[in-house]
Amino acid sequence: MTWSDMQPLLEQACTETLVMVGWSTLIAVVGGLPLGVLLVLTDKGGLLQNTVVNKVIGQIVNIGRSLPFIILMVALMNFTRWVTGTTIGSEAAIVPLAIGGIPFFARLVETAVREVDHGLVEAVQAMGGNTWTIVRKVLVPEALPSLIASTTTTIIALIGYSAMAGTVGGGGLGDLAVRYGYQRFETGLMWITVAILAVVISLIQFAGDYAARALHRRGGRSGPSPRLRLLKAKEPAAADVSKVA
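No experiment lies behind these values; they were computed from the predicted model shown.

## Quick look at the overall build of the chain
In terms of regular secondary structure, the chain is built from ten helices and zero strands. Mapped from its N terminus to its C terminus, the chain presents α and β elements in the order α-α-α-α-α-α-α-α-α-α. For the chain, the exposed surface amounts to about 13,500 Å²; the carbon and sulfur share of it is 65%.

Okay, structure coming up:
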């Protein structure tokens with residue numbers, strides 16, 4: 001197979017992989033972020049301590065993480081068909097990819113949020129901040145560098161899952177490598193897909209690490225967040241006004 005024959009196949013496969021990983025990452029972040037924060041809030045000593053809710057969410061997340069992706073795809077075939085109308089192709093692969101990514105990302109979020117200095121939480125509580133204010137102005141902003149790193153890890157994991165989905169007709173680079181590289185003995189094409197995946201993963205890891213370091217230098221954990229400093233600055237001003245009155 002010549003390069004002119006490979007090029008359109010590679011372009012289509014890369015586009016399918018990009019669509020699968022992009023949409024599944026977005027859904028995983030949107031679904032996993034609140035789950036991970038809720039695991040911290042409802043844990044023992046948390047702001048919304050609730051043992052029952054914490055255990056239920058924890059078990060759901062554990063079950064989702066424990067299932068191998070191939071088994072998850074098979075188990076969700078009926079649900080995938082109900083959502084997309086088919087079980088084959090990149091659109092159908094997004095469903096199990098997203099569902100598999102949500103618990104994976106949720107645990108990473110839980111770890112990142114737990115690393116936030118509890119003293120900042122107590123400071124906002126002392127200023128009268130409620131749970132939503134603490135989550136929005138302390139927990140998420142202070143954990144942002146780690147959340148970026150967690151998102152990077154999730155994207156790389158989903159790329160691996162998408163390649164696995166290709167073995168059962170999910171499309172993308174994995175499907176191309178199996179159908180042409182393995183079944184038709186096009187070894188050169190198979191190694192090109194491997195090289196593309198390696199380059200893409202390296203670039204994503206580099207971009208994620210760079211973004212996380214940049215956020216860390218801007219104040220991720222080097223000191224109180226700008227919003228918290230602003231809240232502290234307002235408190236003495238209010239006290240001075242009361243003295244003048």
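More follows now that the structure is in view.
## Focus on the nonpolar core
Core analysis: the biggest nonpolar cluster contains 17 residues, and Val37, Val109, Val113, Ile134, Val138, Leu139 and Ala143 have the highest contact counts within it. Mapped by element, the contributors of at least two residues to this core are helix H1 (3–41), helix H5 (90–114), helix H6 (118–126) and helix H7 (131–165). The greatest single-element share of this core, amounting to six residues, is contributed by H7. Among all residues touching valine 109, those that are not within four sequence positions of it are Gly32, Leu33, Gly36, Val37 and Leu147. Within the second largest apolar cluster, twelve residues are counted, among which are Met20, Val21, Met73 and Ala165.

## Considerations on the side chain of threonine 152
By the element assignment, threonine 152 lies in helix H7. Exposure remark for threonine 152: the relative accessible area of 5% places this residue in the buried category. Among all residues touching threonine 152, those that are not within four sequence positions of it are Ile204, Gln205 and Gly208.

## Section: a nonpolar patch on the surface
Together, Val19, Trp23, Leu26, Ile27 and Val30 give the surface a local cluster of nonpolar side chains, amounting to about 470 Å² of exposed area. Here leucine 26 is to be found in helix H1. What makes leucine 26 partly exposed here is its relative accessible area of 47%.

## Notes on the UniProt feature "transmembrane region" (unreviewed entry) in the chain
On the UniProt side, "transmembrane region" (unreviewed entry) is annotated at positions that read residues 20–41, 62–80, 92–109, 146–168 and 188–208 here. A helix fraction of 100% and a strand fraction of 0% characterise residues 188–208, whose end C-alpha atoms lie 30 Å from each other.

## What to know about the packing of aromatic side chains
All told, the structure shown has two aromatic pairs when counted by the stated rule. Seen in terms of ring centroids, phenylalanine 69 and tyrosine 161 are 4.9 Å apart; in terms of plane orientation they differ by 0°. Their pairing is stacked. Here phenylalanine 69 is found in helix H3 (residues 69–75), whereas its partner tyrosine 161 is found in helix H7, with 92 residues between them in sequence. Accessibility expressed as a relative area gives 5% for phenylalanine 69, which makes it buried. Between phenylalanine 79 and tryptophan 82 the ring centres are 5.9 Å apart and the planes differ by 35°, which places this aromatic pair in the tilted class. One end of the pair is phenylalanine 79 and the other is tryptophan 82, both in helix H4 (residues 77–84) and three residues apart, which spans about a single turn.

## A few points about the packing of H5 against H7
Axis separation between H5 and H7 bottoms out at 9 Å; the angle between their running directions is 150°. On the basis of their axis angle, the class for H5 and H7 is roughly antiparallel. Considering the relative orientation of H5 and H7, their crossing is right-handed. Counted by class, the contact of H5 with H7 contains 15 nonpolar, seven polar and no charged residues.

Criteria and thresholds
- Residues numbered from 1 in each chain as written.
- Predicted model: local features only at pLDDT ≥ 70, side-chain atom pairs only at ≥ 80, totals over all residues.
- Heavy atoms only, no water.
- Helix = DSSP H or I, 4+ residues; strand = E, 2+ residues; numbered from the N terminus.
- Areas by Shrake-Rupley, 256 points an atom, 1.4 Å probe, with all protein chains shown as cover.
- Core = buried A, V, L, I, M, F, W, Y, C linked by side-chain atoms within 4.5 Å.
- Buried < 20%, exposed > 50% of the residue type's maximum accessible area, 1.4 Å probe, protein only.
- Contact = heavy atoms within 4.5 Å.
- Patch = residues over 30% accessible without salt bridge, like charges linked within 9 Å, V, L, I, M, F, W, Y side chains within 5 Å.
- Salt bridge = Lys/Arg side-chain N within 4 Å of Asp/Glu carboxyl O.
- UniProt positions renumbered as here; feature names shortened; annotations may be inferred.
- Phe/Tyr/Trp six-rings, centres within 6.5 Å; stacked < 30°, edge-to-face > 60°.
- Axes fitted to C-alpha atoms, helices over the stretch in contact; angles between N-to-C directions.
- Parallel < 35°, antiparallel > 145°, perpendicular 65-115°, else oblique.
- Left-handed = near helix turned anticlockwise from the far one by under 90°.
- Nonpolar A, V, L, I, M, F, W, Y, C, P; charged D, E, K, R; others polar.

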